[in-house]
Amino acid sequence: SRLSVKRGGRPVDATRRVFVAASLASLGLAGCVAARVESTGDEFSSEESGSSSSSGALGKNPADISDLRIDASAWSHDAVNDVFYQLGVRFCAKPAANAYESMGVFVPGAYFEASDNGDGTFTCSISDTGTVGDYTAATAPIVLPAGTDDYSAQEAPSAYLPEDFISYLGAGLVYVLPGFRGRQGGENDDGTSFPGGAPWDVVDLKAVIRCLRYNAHEVPGDKDRVFTFGCSGAGALSALVGATGDSALYSAYLESIGAIFSNDDGESISDSIAGAMCWCPDTALDEADEAYEWMMGQYSSEGTRADGTFTKLLSDDLSDAFVSYVNSIGLTADGEALNLCEGGDGDYTSGSYYDHLQSVIEGSLNDFLADTTFPYTTSPVAVGDSKRTSRAGESSAAASSRHGGTAGSVTFETAADYVASLNDEERWVSYDATTNTATITSIGAFVRRCRPASKDVGAFDALDRSQAENQLFCDSSSSARHFDKTMSQLLSDHKKEYASRPDFSADYARDYSSDLATTDDLGVSMPTRVNMYNPLYFLLDSYVGYGTSRVAASWRIRIGIYQSDTSLATEVNLALALAMSDKNVDFATVWAQENGMVERSGDGTTNFIQWIASCV
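Residues numbered from 1 in each chain as written. Predicted model: local features only at pLDDT ≥ 70, side-chain atom pairs only at ≥ 80, totals over all residues. Heavy atoms only, no water.

Here's the deal with the overall build of the protein
Line of reasoning, step 1. Along the protein, the regular secondary structure elements total 18 helices and 25 strands.
Line of reasoning, step 2. Residue burial in the protein is summarised as follows: out of 616 residues, 59% are buried.
Line of reasoning, step 3. For the protein, long-range pairs separated by at least 24 residues make up 74% of all intrachain contacts whose partners lie at least 6 apart in sequence.
Line of reasoning, step 4. Of the roughly 22500 Å² of accessible surface on the protein, a fraction of 46% belongs to carbon and sulfur atoms. (Helix = DSSP H or I, 4+ residues; strand = E, 2+ residues; numbered from the N terminus. Buried < 20%, exposed > 50% of the residue type's maximum accessible area, 1.4 Å probe, protein only. Contact = heavy atoms within 4.5 Å. Areas by Shrake-Rupley, 256 points an atom, 1.4 Å probe, with all protein chains shown as cover.)

Describing the nonpolar core
Within soluble globular proteins, side chains that are nonpolar generally end up buried alongside one another.
Line of reasoning, step 1. Among the nonpolar cores identified, the biggest contains 161 residues, and Met 295, Tyr 353, Leu 365, Tyr 418, Phe 446, Trp 591 and Phe 608 are the most heavily contacted of them.
Line of reasoning, step 2. Counting residues per element, this core draws most heavily on helix H3 (residues 200-214), at ten residues.
Line of reasoning, step 3. Setting aside residues up to four positions removed in sequence, Phe 608 forms contacts with Val 143, Tyr 168, Phe 227, Thr 228, Phe 229, Met 277 and Trp 279.
Line of reasoning, step 4. The next biggest cluster of nonpolar side chains, apart from the first, holds 14 residues, and it includes Leu 314, Val 457, Leu 491 and Tyr 508. (Core = buried A, V, L, I, M, F, W, Y, C linked by side-chain atoms within 4.5 Å.)

Concerning the packing of aromatic side chains
Line of reasoning, step 1. A complete count under the given rule lists 43 aromatic pairs for this structure.
Line of reasoning, step 2. Plain terms: the ring middles of Tyr 85 and Tyr 160 are 4.0 Å apart, the flat faces sit at 15° to each other, and that makes the pair stacked. In this pair, Tyr 85 sits in strand S6 (residues 83-90) while Tyr 160 sits in the loop between strand S12 (142-146) and helix H2 (166-170), placing the two residues 75 residues apart along the sequence. The pair formed by Tyr 85 and Tyr 160 is uniform in burial state, with each residue classed as buried.
Line of reasoning, step 3. Taken together, a centroid distance of 5.9 Å and an interplanar angle of 65° make the contact between Phe 374 and Tyr 376 edge-to-face. With respect to burial, Phe 374 and Tyr 376 carry one shared label: buried.
Line of reasoning, step 4. Through a chain of ring-to-ring contacts, three or more aromatic side chains come together here, namely Tyr 85, Phe 106, Tyr 160, Phe 165, Tyr 168, Tyr 175, Phe 227, Phe 229, Trp 279, Phe 608 and Trp 611.
Line of reasoning, step 5. Here the basic side chain of Arg 69 rests over the ring of Tyr 214, its NZ or CZ set 4.0 Å away from the ring centre. (Phe/Tyr/Trp six-rings, centres within 6.5 Å; stacked < 30°, edge-to-face > 60°. Lys NZ or Arg CZ within 6 Å of the ring centre and 35° of its normal.)

With respect to the sheet that holds strand S25 (residues 584-590)
Line of reasoning, step 1. As summarised here, the arrangement of the nine strands in space is S5-S6-S7-S13-S12-S16-S17-S24-S25, forming an open sheet in which the pairing is mixed. A strand with exactly one partner marks an edge of an open sheet, and here the two such strands are strand S5 (76-78) and S25. Between one strand axis and the next, the sheet turns by 20° as a mean value, whatever way the strands run.
Line of reasoning, step 2. Relative to strand S17 (residues 275-279), strand S16 (residues 226-231) is paired through five bridges, and the arrangement is parallel. Counterpart to Phe 227 in the pairing with S17 is Gly 275. (Pairing = 2+ DSSP bridges. Axes fitted to C-alpha atoms, helices over the stretch in contact; angles between N-to-C directions.)

As for the pairing of strand S9 (residues 122-126)
Line of reasoning, step 1. Alignment of strand S8 (residues 112-116) against S9, held across five bridges, turns out to be antiparallel. Its bridge partner lying in S9, Phe 112 is registered against Ile 126.
Line of reasoning, step 2. Hairpin remark: S8 followed by S9, antiparallel, with five residues in the connecting loop; positive phi at Gly 118, about 85°.

Some words on the environment of Asp 355
Line of reasoning, step 1. With respect to the element layout, Asp 355 can be found in helix H8 (residues 352-371).
Line of reasoning, step 2. On a C-alpha basis, the gap between Asp 355 and Ser 442 in space is 9.7 Å, while along the polypeptide they are 87 residues apart.

Looking at the packing of H8 against helix H11 (residues 443-450)
Helix-helix packing: each pair is described by the crossing angle between the helix axes and the interaxial distance.
Line of reasoning, step 1. Contact geometry for H8 and H11: axes closest at 10 Å, N-to-C directions at 45°. Considering the angle they form, H8 stands oblique to H11. The element H8 and its partner H11 pack so that their crossing is left-handed. Contacts from Tyr 354, Leu 357, Gln 358 and Ile 361 in H8 reach Ile 443, Gly 444 and Phe 446 in H11. (Parallel < 35°, antiparallel > 145°, perpendicular 65-115°, else oblique. Left-handed = near helix turned anticlockwise from the far one by under 90°.)

A word on unusual backbone geometry
Line of reasoning, step 1. At the junction of Ala 198 and Pro 199, the peptide bond is cis and its omega measures out at 5° in the coordinates.
Line of reasoning, step 2. Topologically, Pro 199 is positioned in the loop between strand S15 (193-194) and H3.
Line of reasoning, step 3. Cis rather than trans, the peptide bond between Phe 374 and Pro 375 has omega equal to 5°.
Line of reasoning, step 4. Following the sequence through the fold, Pro 375 ends up in the loop between H8 and strand S20 (376-378).
Line of reasoning, step 5. Phi angles above zero are rare outside glycine, and Tyr 151 is one such case at about 65°.
Line of reasoning, step 6. Note that Tyr 151 resides in the loop between S12 and H2.
Line of reasoning, step 7. The phi dihedral of Ser 232 falls on the positive side, at around 60°, and the residue is not glycine.

Quick look at the structure:
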């Protein structure tokens, strides 16, 4: 049957409404979309994983595991900063990428008792008495940074650069700078090639953590208090390491590089961590395209979302698919089930899920008003560590306008003046001067004013495979692959309708279907790789065949609420899923900030260090 729903106040044909394995033909006009969510692929089989176990990353130690014992007589010393360090420490016995699969280990001098070898190196043993602040060699947390963007590789450190980590060591932490592979493979100096893409970056970091635990008697620090941190694509990597601890899905990958599975006594070694710091994490790529179109794409009528284009139809269908997804995964907040229903000023823009997102946006604005002293001066780059000043093709005037100003900088004498500037094109914010609080009336108005779509359809799985995420799912046969199963299904199911538009190519459906049928060098399917790169797969049991893992207990997530690289819904879903799993979640959005190490106040490094101290 045909049913008509309202999108932006206009009746539209909804016969295309599809999501994965869920037919929406049973929808009623007055109700909320509901369907069972499927994982993006079959369960990870024993043939793929090398193990039939569903709990614990099981595998065999490499034959030459003793080569991964850190040499206690090979420490260098920075006397000025009192830092002992080693570079080029191997964390796996069979590294595939020589420039990436090693690490640097940096330790506060107080945690060692050292003797000079006379050749510039020192022999060190862990001190029982040395302290830095409130920490000892036994209690010091260990931090692992992912400092790249767009899922890029991180080269192992080849030089000693204390300015990169001295603030962490000064606070008493042990700093381990790992190399890891990124979204594409490469070539070693000897001409041999190595694979890249998902999930090799996660695998490399898991091997680092295992190696540190294997060397518990050589490296100071509490091996039960390991924390990762990163921003954007690296924020997603931090989240993945936090969510996938000891998952058997990674066993075959770990075994292939000679990672450590047990200590010399045969006791299993874990790769789970205590906590993850994630700035603006780009996660959940199985639904990222869909979330982007519902959150932002549906409010755009330009470029690939212009009327008359096939991509406009595709955008609408992706938005509809996200509605089904949200109503399928069982998200809750404060005990209330979250869903999307018909109504509002757009495509299914009412219901408890919509209300929750609106409250997040409203709360972000009210935090800004509480934090800000007026008069307040804004500029094209708001206060903070944001790495991005404007979007592609955007003028400085437009960028500044999104931050509450006009071209250049502007001073607002009062909070009321600032709120008035947000309402310059349409009224969507009300301000109460007596309480210094604001209320917002529409997510759509917020998107149009502050977070308009900056990516084409599909935002992550591009039709021409041009996005970084397409490269992330590369394999040895292709540098970029399609991976979005929902997009593939839509292109196949509605190709006749899409073909009525001039920008459609019949090759699209074939290309997506072909890429989704590929396997990587270990024989693992594309849908399974997508699952392995999705924290929600390990957090929500509504995913059929969801992954079993040891999830980090503590999470700190900060997002710039203006950033348009991903949907706010994707970021909020991660925080909701963690809270539902009874994890300690410190989640905050930062008003007028985009993609970067954003904070409501202070700087990211200091706040991260202080947060670690609060995690017990």
